[in-house]
Amino acid sequence: MGRHPRRDLLAGLTVAIVALPLALGFGISSGLGAQAGLVTAVVAGTLAALFGGSALQVSGPTGAMTVVLVPIMHQHGASGVLTVGVLAGLMLLGLALARAGRYMTLVPAPVVEGFTLGIACVIALQQVPAALGVPAPHGDKVVAVAWQAVLDFTARPSWAAPAMTVLVAVAMLAGAHWRPGVPFSLLAVAAATLVAELARLPVTRIGALPAGLPAPSLDFLQMGALGSLIAPAIAVAALAALESLLSAAVADGMSVSHRYDPDRELFGQGLANLLVPLFGGVPATGAIARTAVNVRAGASSRLAALAHAAILAVIVFAAAGLVARIPLAALAGVLLATAVRMVEAGSLRAMLRSTRADALVLALTALATLALDLVTAVILGLIVAGALALRTIAGNVRLEETPLQPDLPDDHSDEEHALLAQHIVAYRLDGPLFFAAAHRFLLQLSEVADVSVIILRMSRVTTIDASGALVLGDAITRLERRAITVLVSGIRDGHHQPLHALGAIARLDAAGQVFATTPEAITAARARLTTTGVLPLHRHPPTGPPVTTSGSRSPAE
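Once a new chain begins, its residue numbering starts again from 1 and follows that chain's sequence as written. In view of the model being predicted, local features appear only for residues whose pLDDT reaches at least 70, and side-chain atom pairs are presented and counted only at 80 or more, with totals across whole chains, interfaces and linings using the full set of residues. With hydrogens and water excluded, all non-hydrogen atoms of the structure serve as input to the side-chain values.

A few words on the packing of aromatic side chains. Aromatic rings from Phe, Tyr and Trp, with only the six-membered ring used for Trp, were paired whenever their centres fell within 6.5 Å, and each pair was classed as stacked if the ring planes differed by under 30 degrees, edge-to-face if by over 60, and tilted otherwise. One pass over the structure, following the stated rule, counts 2 aromatic pairs. Relative to Phe-184, the ring of Trp-178 lies with its centre 6.2 Å away and its plane at 50°, an arrangement referred to as tilted. Judged by relative accessible area, Trp-178 falls into the exposed class, the value being 56%. Look at Phe-184 and you get buried, because its relative accessible area is 18%. Per-residue accessibility, obtained with a 1.4 Å probe over protein chains only, is compared with the maximum for each type, and a residue is labelled buried under 20%, exposed over 50%, and partly exposed between these values.

A positive phi is found at Arg-99, a non-glycine position, where the angle reads about 55°. Numbering of helices and strands runs from the N terminus; a helix is a DSSP stretch of H or I covering at least four residues, while a strand is a stretch of E covering at least two. Position of Arg-99 among the secondary structure elements: in the loop between α3 (63–97) and α4 (109–126).

Our focus in this paragraph is the packing of α3 against α4. Here an angle of 0 to 180 degrees is reported between the N-to-C directions of two axes, which are lines fitted to C-alpha atoms, with helices fitted over the stretch in contact. Where α3 contacts α4, the axes come no closer than 9 Å and their chain directions differ by 65°. Overall, the two elements α3 and α4 adopt an arrangement that is roughly perpendicular. Note that α3 runs across α4; the crossing there is left-handed. Two secondary-structure elements touch here, α3 through Gly-63, Ala-64, Thr-66, Val-67 and Val-70 and α4 through Ile-119, Val-122, Ile-123 and Gln-126. Gly is placed with the polar residues, together with every amino acid not listed as nonpolar (Ala, Val, Leu, Ile, Met, Phe, Trp, Tyr, Cys and Pro) or charged (Asp, Glu, Lys and Arg). Across the contact of α3 with α4, the residue classes break down as 6 nonpolar, 3 polar and no charged. Angles are sorted into four bins: roughly parallel if under 35 degrees, roughly antiparallel if over 145, roughly perpendicular if 65 to 115, and oblique for all others. If you view the pair so one helix is near and one far, a crossing is left-handed when the near helix is turned anticlockwise from the far one by less than a right angle, and right-handed when it is turned clockwise. Should any heavy atoms of two residues lie within 4.5 Å, those residues are considered in contact.

Two elements in contact, α4 and helix α17 (residues 374–395), have axes whose closest approach is 10 Å; the angle formed by their N-to-C orientations is 150°. Compared by their axis directions, α4 and α17 come out roughly antiparallel. Taken as a pair, α4 and α17 cross one another with a handedness that is right-handed. Contacts between α4 and α17 involve Val-111, Phe-115 and Ile-119 from the first element and Leu-374, Val-378, Gly-381, Leu-382 and Ala-385 from the second. Partitioned by chemical class, the residues of the contact of α4 with α17 number 7 nonpolar, 1 polar and no charged.

Next up on the list: the environment of Leu-93. Mapped onto the elements of the fold, Leu-93 is located in helix α3. Residues Leu-93 and Gln-269, 176 residues apart in the sequence, show an inter-C-alpha distance of 8.0 Å. Discounting chain neighbours no more than four positions away, the residues touching Leu-93 are Phe-267, Gly-270, Leu-271 and Leu-274.

Here we come to the nonpolar core. Side-chain atoms within 4.5 Å are what join buried Ala, Val, Leu, Ile, Met, Phe, Trp, Tyr and Cys residues into a set we call a nonpolar core. In terms of nonpolar packing, the biggest core is built from 92 residues, with Leu-24, Phe-115, Met-164, Ile-206 and Val-236 touching the most fellow members. At 15 residues, α3 tops the list of elements feeding residues into this core. In this structure Phe-115 touches Leu-242, Leu-246, Thr-365, Thr-369, Leu-374 and Val-378, once residues within four positions along its chain are discounted.

This brings us to the pairing of strand β4 (residues 424–433). Of all the 10 residues making up β4, 10 are buried; the element is thus mostly covered by neighbouring parts of the structure. Paired strands are those between which DSSP finds at least two bridges. Examined bridge by bridge, strand β3 (residues 398–402) and β4 share 5 bridges and lie antiparallel to one another. From the neighbouring strand, Arg-398 faces β4, where its bridge partner is Asp-430. Taken together, the 5 bridges between β4 and strand β5 (residues 453–457) define a ladder with parallel strand orientation. By the bridge assignment, Ile-424 is partnered in β5 with Val-453.

With respect to burial, strand β7 (residues 485–489) is a largely interior element, 5 of its 5 residues being buried. Residues Thr-485, Leu-487 and Ser-489 point to one face of β7 and Val-486 and Val-488 to the other, with burial holding for every one of them. Relative to β7, β5 runs parallel, the two sharing 5 bridges. Counterpart to Ile-454 in the pairing with β7 is Val-486. In the sheet, β7 pairs with strand β8 (residues 514–515) via 2 bridges, with the strands oriented parallel.

We now examine the environment of Ala-516. Mapping Ala-516 onto the fold places it in the loop between β8 and α23 (518–531). In this structure Ala-516 comes out as exposed when scored by relative accessible area, which is 58%. For Ala-516 and Gly-490, which are 26 residues apart along the polypeptide, the C-alpha to C-alpha distance reads 4.9 Å.

Right, let's talk about the pattern of salt bridges for a bit. For salt bridges, the criterion is a side-chain nitrogen of Lys or Arg within 4 Å of an Asp or Glu carboxyl oxygen. Under the defined criterion, the tally for this structure stands at 7 salt bridges. Put simply, Arg-99 and Asp-263 hold a salt bridge, and the shortest N to O gap is 3.6 Å. You can see Arg-99 sitting in the loop between α3 and α4 and its partner Asp-263 sitting in helix α10 (residues 262–275), a full 164 residues away along the chain. Since its relative accessible area comes to 48%, Arg-99 is described here as partly exposed. Note on Asp-263: relative accessible area 8%, which makes it buried. In this structure, the salt-bridge partner of Arg-428 is Glu-400, at a minimum N-O distance of 3.3 Å.

Turning next to a nonpolar patch on the surface. To count toward a patch, a residue needs a relative accessible area over 30% and no salt bridge; like charges are then connected within 9 Å, while nonpolar side chains (Val, Leu, Ile, Met, Phe, Trp, Tyr) are connected within 5 Å. Each accessible area is a Shrake-Rupley estimate made with a 1.4 Å probe; only the visible protein chains count as cover when residues are assessed. Residues Leu-50, Phe-51 and Phe-267 make up a contiguous nonpolar surface patch of roughly 240 Å² in combined accessible area. Mapped onto the elements of the fold, Phe-51 is located in helix α2 (residues 34–51).

A few words on the layout of surface pockets. A cavity, in this analysis, means grid points on a 1 Å lattice covering only the protein atoms where a 1.4 Å probe fits yet has no way out; a pocket is instead an open set bounded by protein on both sides within 12 Å along at least five of seven lines, and a residue lines either one if it has an atom within 4 Å of a point. Grid points are joined across faces, edges and corners, and a volume is the space filled by probe spheres set on the points. For the largest pocket, the calculated volume is near 1,400 Å³. Taken together, 42 residues make up the lining of the largest pocket; nearest its centre are Ile-288, Ala-289, Ala-292, Arg-341 and Met-342. A breakdown of the residues in the lining of the largest pocket according to their chemical character gives 27 nonpolar, 9 polar and 6 charged. Approximately 680 Å³ is the volume attributed to the second largest pocket. As for the second largest pocket, its lining consists of 31 residues, of which Ile-28, Ser-29, Gln-126, Pro-129 and Ala-136 are closest to the centre. Listed by contribution, the elements that provide at least two residues to the lining of the second largest pocket are α1 (5–30), α3, α4, α5 (128–132), α6 (142–155) and α14 (328–342). Looking at the lining of the second largest pocket residue by residue, the class counts come to 19 nonpolar, 11 polar and 1 charged.

What follows is the structure, given as structure tokens:
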């Protein structure tokens, strides 16, 4: 942190200016109030910066977390939200100790794009009551709440709040294209507050804030309701882990020399979420937007994130009175613009055009986020994406008949080739032999025409699971019932265990019908057919060069 302190402090100031209206807005949207958002930005921002795995990450309240917290607030109240935060912090610490950070990066891109789009829609709908200047209707379904707010507004319309919301949002969106480095969110909120004060506009303000951080307390813990809070805590922990690691990955992509530690990042986020409820704050995650601002502002170490938290703490202690006069409609405009900027139109269009499967997963995840909840949407998206991926992989499994000539160990005449081909058939298995493809493989192999010997070439089988091994054993049994001898060649070292454990080739191995190479299997098949009288005794052709005389043909000819 001592290498470039001036640059880091300037970056921290820039991020704090951007984070102030977002922290206020997300705190209000969560239901715990503006002070909860500020406390979260200060406490969680400090702890995650000190103990997290990314030197450039900025943590605090986020829109995605707000989406998850709203139904918890409606069902369990403020103490339930704080209790969930403690439980989620413990779970994140457990994930860090289990070194589970590496697995969080396996979420498919369509699922990430889908829930990002869904979150943006939910955040926008959450702002409808404040944007229209009406009291927020009760309920945890954002579509129903937004519709009721529209009905309340049409009954008694007042255009001051909607106009302020639109102007703040437009200023932010237009300013981001004109001068990306200027904090238009804070400028627009300050201008809206000044106009509301001078013109005495009939708009709702944030209200009184405590001048300082509250003392730590454990009085909020709902020990008797822990059972019903486990599921919401799992949802909060999963979201905090996923969003924080995605944000840290974005920071790495924007920088040159920084690489984050996923397990340490989970530890830092877990510690932050464990302690921030003691001060009345909401669960926190790494914030992608604020992290990106931090990197673009020139941050090079954790000092920038620490400076951002310290500046917000100064505002909490020194400017609580000014913050209390900010109109809610202005913050609604900030969050509406944030929701719009969350959706990258180019990336969204590219994902929708890539494949039908990607488009389906993206749309399904977004709709489920809007209609159900974020964690259910992510789980549903993962299930559908996994099923479609399995179908694609299963479609790549092939069972192909291969010619014998390239693998024959000796030279043969055309007549011998034809005779061998009448009685010996070789099939090559390509790809993974697993549960999703096992049934189709069984059907294909069962339709093999009547021959004397079948050689199964397995050198190109990439993986075998229990279902694949069982189906292979079943197919071998069916062929043997038709008096077809089955030989197996080219089994990879790692595949012997499941095949033997489930009895797929144990009998063949004991009978000497498993071979390392296909030429060895062909030699054994030919010997077996010769012994049974199906093939005549093999005559080796002359091995020396052909002897020619004048006017005569060579024996080879």
